[in-house]
Amino acid sequence: MLPKRELYLVASLVALTSPAWAQGGMPNHPAVTVDGQTYTPLSIVTGNMGTAADQAEQFPPHHIIGNIYYVGTKTLSSFLIVTPKGNILMDTTYERNVPTIAKSVAQLGFKFSDIKFILGNHAHGDHMEGDALAKQMTGAKVVVMAEDVPELAHMKPGGKPHPIDQVITDGDTVTLDDTVLTAHLTAGHTHGCTSWTTTAMENGKSYNVLFGCSLRSPAVISSEVAAEFNHTFPAVRALPCDVQLGDHGREYDMQGKYAKLKAGGPNPFIDKASCTKEIDIEEAMFHAIMKEQAATKAMTN
């Protein structure tokens, strides 16, 4: 029988070469259960991304609350914030999806050319690759978090450099007419992962809206990323939230809430109780991965 260390190395090699690891670069372990549902790193990333077709398929553009609308695909979020002085687009997703986003904007009765600011949640291609094309089409100002600038420098679809018109830091704001969006550095998923907060009015009442950045841990968590998440989780929990949105529809049950929206009744996106669900899942997974890593290290020492 092989010694414990050799057994671990063999098991690791099997895991790294398995289809589960290959899909999305994420393993199918560890598992955590939150509110009766079990999640693994693989199931989370698969739920977020869906199929290649899901990532490109237009989801019905719809009103969320106040001046905020959804204009993204089936699994990749993009939001339009409308003001009398022009509009704000959050997350352009992949460059190939920009025409689809523009189509959704038009179907809602707005002009894509009226976009004045392009914001992003974090420097991954499925959220910000389309910035250059969207800027080319609109002339909008691209605003990015300082800590994501180095990663964005490598994002060059078709050889186009990533546009950066304004670099912001934690707590900075973007204002257009009477709409104010506040940037919160919630690092971990990327070093510049940015959650945005604003308020929206409905039926004479103001609601806190949170555009959450992904809280998904990588398959291997470095000490630097661990420190970032240990700061981020309590910071996100402290943010005001009545309406939780996210850079993937799964993170806030977009499809389920949209179905309720079509059925009529109270606005399903106003759901304070759901504001902590995603963080509960991702924080539990973070600790499970850290525990697994510690056990692995102990076995190899």
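Up top you'll find the structure we're talking about.
Heads up: these notes are all about the structure in this document. What you are looking at is a predicted structure, and each value in this text was computed from that prediction instead of being measured.

Moving on, we come to the sheet that holds strand β7 (residues 115-119). If you trace the 7 strands from one edge of the open sheet to the other, you get β3-β4-β5-β6-β7-β8-β9, paired in mixed fashion. Two strands bound the open sheet, and with one partner strand each, they are β3 (62-65) and β9 (166-168). Neighbour-to-neighbour, the strand axes of this sheet turn through a mean angle of 25 degrees, independent of strand direction. Note: strand β4 (residues 68-70) against strand β5 (residues 79-83), 3 bridges, orientation antiparallel. When the bridges of β5 are listed, Ile68 appears paired with Ile81.

Before going further, it helps to examine the nonpolar core. Core analysis: the largest hydrophobic core is formed by 31 residues, its most contacted members being Ile64, Ile68, Leu119, Trp196, Phe211 and Leu245. The contact partners of Phe211, leaving out residues within four places of it in the chain, are Ile68, Phe79, Ile81, Met90, Asn121, Leu181, Thr194, Ser195, Trp196, Thr198 and Leu245. Within the second largest apolar cluster, 21 residues are counted, among which are Tyr69, Val71, Val105 and Val144.

With mixed pairing, 5 strands are arranged side by side in an open sheet as β10-β11-β12-β13-β14. Both outer strands of the open sheet, β10 (173-176) and β14 (243-246), are each paired with one neighbouring strand and no more. Between one strand axis and the next, the sheet turns by 25 degrees as a mean value, whatever way the strands run. Here 7 bridges tie strand β12 (residues 194-202) to strand β13 (residues 205-212), and the two strands are oriented antiparallel to one another. Residue pairing across strands places Trp196 opposite Phe211, the latter belonging to β13.

Take the packing of aromatic side chains next. Aromatic ring pairs are described here by two measures, namely the spacing of the ring centres and the angle between the planes. The final tally for this structure, using the stated rule, is 10 aromatic pairs. Ring centres of Phe59 and Tyr258 lie 5.1 Å apart, and the angle between their planes is 70 degrees; this geometry places the pair in the edge-to-face category. Taken together, the residues Phe59 in the loop between α4 (52-56) and β3 and Tyr258 in helix α10 (residues 254-263) connect sequence positions 199 residues apart. Look at Tyr258 and you get buried, because its relative accessible area is 15%. Ring geometry for Phe79 versus Phe211: centroids 5.3 Å apart, planes at 65 degrees, classification edge-to-face.

A few words on empty space enclosed by the protein. Here the structure, examined in full by the defined rule, presents 3 cavities of 30 Å³ or more. The calculated volume of the largest cavity comes to roughly 120 Å³. Gly212, Cys213, Leu215, Gln244 and Glu278 are, among the 14 residues lining the largest cavity, the residues nearest its centre. Secondary structure elements with two or more residues in the lining of the largest cavity: β13, β14 and α11 (277-300).

To continue, consider helix α5 (residues 98-107). Taken residue by residue, α5 has Val98, Thr100, Ile101, Ala102, Ser104 and Val105 as its buried positions. Those residues of α5 that are buried are in contact with α4, β5, β6 (86-90) and α7 (131-138). At the exit of α5 stands Gly109, carrying a positive phi of roughly 95 degrees.

The next point concerns the pairing of β14. Burial along β14 is two-sided: Val243 and Leu245 and Gln244 and Gly246, pointing in opposite directions, are all buried. In this structure, β13 lies alongside β14, joined through 4 bridges in parallel fashion. Considered in β14, the bridge of Gly212 is made with Gly246. Following the chain from β13 across helix α9 (residues 223-237) to the adjacent parallel β14, one finds a crossover that is right-handed.

Our next topic: the side chain of Thr198. Here Thr198 lies in strand β12. Note on Thr198: relative accessible area 8%, which makes it buried. Engagement of the side chain of Thr198 in a polar contact is seen with the backbone oxygen of Val180, the distance being 2.8 Å. When residues no more than four places from it in sequence are discounted, the contact partners of Thr198 are Ile68, Thr179, Val180, Leu181, Tyr207, Asn208, Val209 and Phe211.

Before going further, it helps to spend a moment on the pattern of salt bridges. Taken as a whole and assessed by the stated rule, the structure comprises 9 salt bridges. Asp280 is the salt-bridge partner of Arg237, the closest N and O atoms lying 2.8 Å from each other. Of this pair, Arg237 sits in helix α9 while Asp280 sits in helix α11; the two residues are 43 residues apart in sequence, bridging distant segments of the chain. Its relative accessible area of 38% is what places Arg237 among the partly exposed residues. Taking the relative accessible area as the measure of exposure, Asp280 reaches 28% and is therefore partly exposed. Between Glu283 and Arg237 there is a salt bridge whose closest N-O contact spans 2.8 Å. Placement of the pair is Glu283 in helix α11 and Arg237 in helix α9, with a sequence separation of 46 residues.

About the thresholds
Residues numbered from 1 in each chain as written. Predicted model: local features only at pLDDT ≥ 70, side-chain atom pairs only at ≥ 80, totals over all residues. Heavy atoms only, no water. Pairing = 2+ DSSP bridges. Helix = DSSP H or I, 4+ residues; strand = E, 2+ residues; numbered from the N terminus. Axes fitted to C-alpha atoms, helices over the stretch in contact; angles between N-to-C directions. Core = buried A, V, L, I, M, F, W, Y, C linked by side-chain atoms within 4.5 Å. Buried < 20%, exposed > 50% of the residue type's maximum accessible area, 1.4 Å probe, protein only. Contact = heavy atoms within 4.5 Å. Phe/Tyr/Trp six-rings, centres within 6.5 Å; stacked < 30°, edge-to-face > 60°. 1 Å grid on protein atoms, 1.4 Å probe; cavity = no way out; pocket = protein on both sides within 12 Å on 5 of 7 lines; lining within 4 Å. Points joined across faces, edges and corners; volume = space filled by probe spheres on them. Right-handed = clockwise from strand over helix to strand, strands pointing away. Polar contact = N/O pair within 3.5 Å; in protein donor to acceptor, adjacent residues only side chain to side chain. Salt bridge = Lys/Arg side-chain N within 4 Å of Asp/Glu carboxyl O.

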